[in-house]
Amino acid sequence: MTIKILIVDDEEFICEEASETLIDEGYQCLTASNVDDALTIIRNNHDISLIVTDLKMPRKSGVDLIKIVENEFGKTFKFVVMSGHGSALVDEIDIDLNAYSFLKKPLDIDKLIETVSLVEVVST
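Source: prediction; values computed, not measured. (Residues numbered from 1 in each chain as written. Predicted model: local features only at pLDDT ≥ 70, side-chain atom pairs only at ≥ 80, totals over all residues. Heavy atoms only, no water.)

Draft legend 1. View of the pattern of salt bridges. With the rule as written, the count across this model stands at seven salt bridges. For D9, the salt bridge goes to K105, with nearest N and O atoms at 2.9 Å. Placement of the pair is D9 in the loop between β1 (4–8) and α1 (12–24) and K105 in the loop between β5 (101–104) and α4 (109–123), with a sequence separation of 96 residues. Both residues of the pair, D9 and K105, count as buried. Salt-bridge contacts for K60 lead to D36; the nearest nitrogen and oxygen are separated by 2.6 Å. With K60 in the loop between β3 (48–54) and α3 (62–73) and D36 in helix α2 (residues 35–44), this pair connects stretches of sequence that are 24 residues apart. Judged by its relative accessible area of 33%, K60 falls in the partly exposed class. D36 sits in the partly exposed class, given a relative accessible area of 37%. (Salt bridge = Lys/Arg side-chain N within 4 Å of Asp/Glu carboxyl O. Helix = DSSP H or I, 4+ residues; strand = E, 2+ residues; numbered from the N terminus. Buried < 20%, exposed > 50% of the residue type's maximum accessible area, 1.4 Å probe, protein only.)

Draft legend 2. Structural context of α1. In this model α1 runs 18 Å from its N-terminal to its C-terminal C-alpha over 13 residues, within 8% of the 18 Å that 1.5 Å per residue would give. Regarding α1, the residues found buried are I14, C15, A18, S19, T21 and L22. Mapping the buried residues of α1 onto a view down its axis gives an arc of 165 degrees, with all of them on the same face. Exposed residues on α1 whose side chains face more than 90 degrees from its buried face are E12, F13, E20 and D24. One or two positions beyond α1, positive phi appears at G26, with a value near 100 degrees. (Expected span 1.5 Å × (residues − 1). Arc of directions from axis to C-beta.)

Draft legend 3. View of the packing of α2 against α3. It is the contact of α2 with α3, at a shortest axis distance of 10 Å, that shows an interaxial angle of 25 degrees. Comparing the axis directions of α2 and α3 gives the class roughly parallel. Between α2 and α3 the crossing geometry is right-handed. When α2 is examined against α3, the residues V35, A38, L39, I42 and R43 are found in contact with a partner set consisting of L65, I68, V69, E72 and F73. (Axes fitted to C-alpha atoms, helices over the stretch in contact; angles between N-to-C directions. Parallel < 35°, antiparallel > 145°, perpendicular 65-115°, else oblique. Left-handed = near helix turned anticlockwise from the far one by under 90°. Contact = heavy atoms within 4.5 Å.)

Draft legend 4. Molecular detail of the layout of surface pockets. There is about 170 Å³ of room inside the largest pocket. Lining the largest pocket we find E70, K75, F77, K78, F79, N98, A99, Y100, S101, L118, V119 and V122. Listed by contribution, the elements that provide at least two residues to the lining of the largest pocket are β4 (78–83) and α4. When residues in the lining of the largest pocket are grouped by element, the largest group, three residues, is from α4. Grouping the amino acids of the lining of the largest pocket by side-chain chemistry returns seven nonpolar, two polar and three charged. (1 Å grid on protein atoms, 1.4 Å probe; cavity = no way out; pocket = protein on both sides within 12 Å on 5 of 7 lines; lining within 4 Å. Points joined across faces, edges and corners; volume = space filled by probe spheres on them. Nonpolar A, V, L, I, M, F, W, Y, C, P; charged D, E, K, R; others polar.)

Any link to function would need more than the numbers given here.
Next comes the structure, spelled out in structure tokens:
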């Protein structure tokens, strides 16, 4: 069974690069450039296994996405968070980011592949 991943980032080239890389690795990928589009995709694709999301986006953040998804669906989905703003410990975020795999931007493609494969191993 192919693992389906949703990539959420307001930077289009990051969505494209991550998606192309993961498709080359055998994953199925969907992309969204904002939280509202991501929520629509999630509600219409219950077979998504993993959501890779940027933390800092206009209007609604990756943290908002995590909260909404976990409130609506419980802990059904695994998350990997990305940020170009320092470490996973961002002061204004009121969730425990240590509970999620973290990728620093600019995105290291090898690290993305490694992180996704580790999350996949844990989730199966």
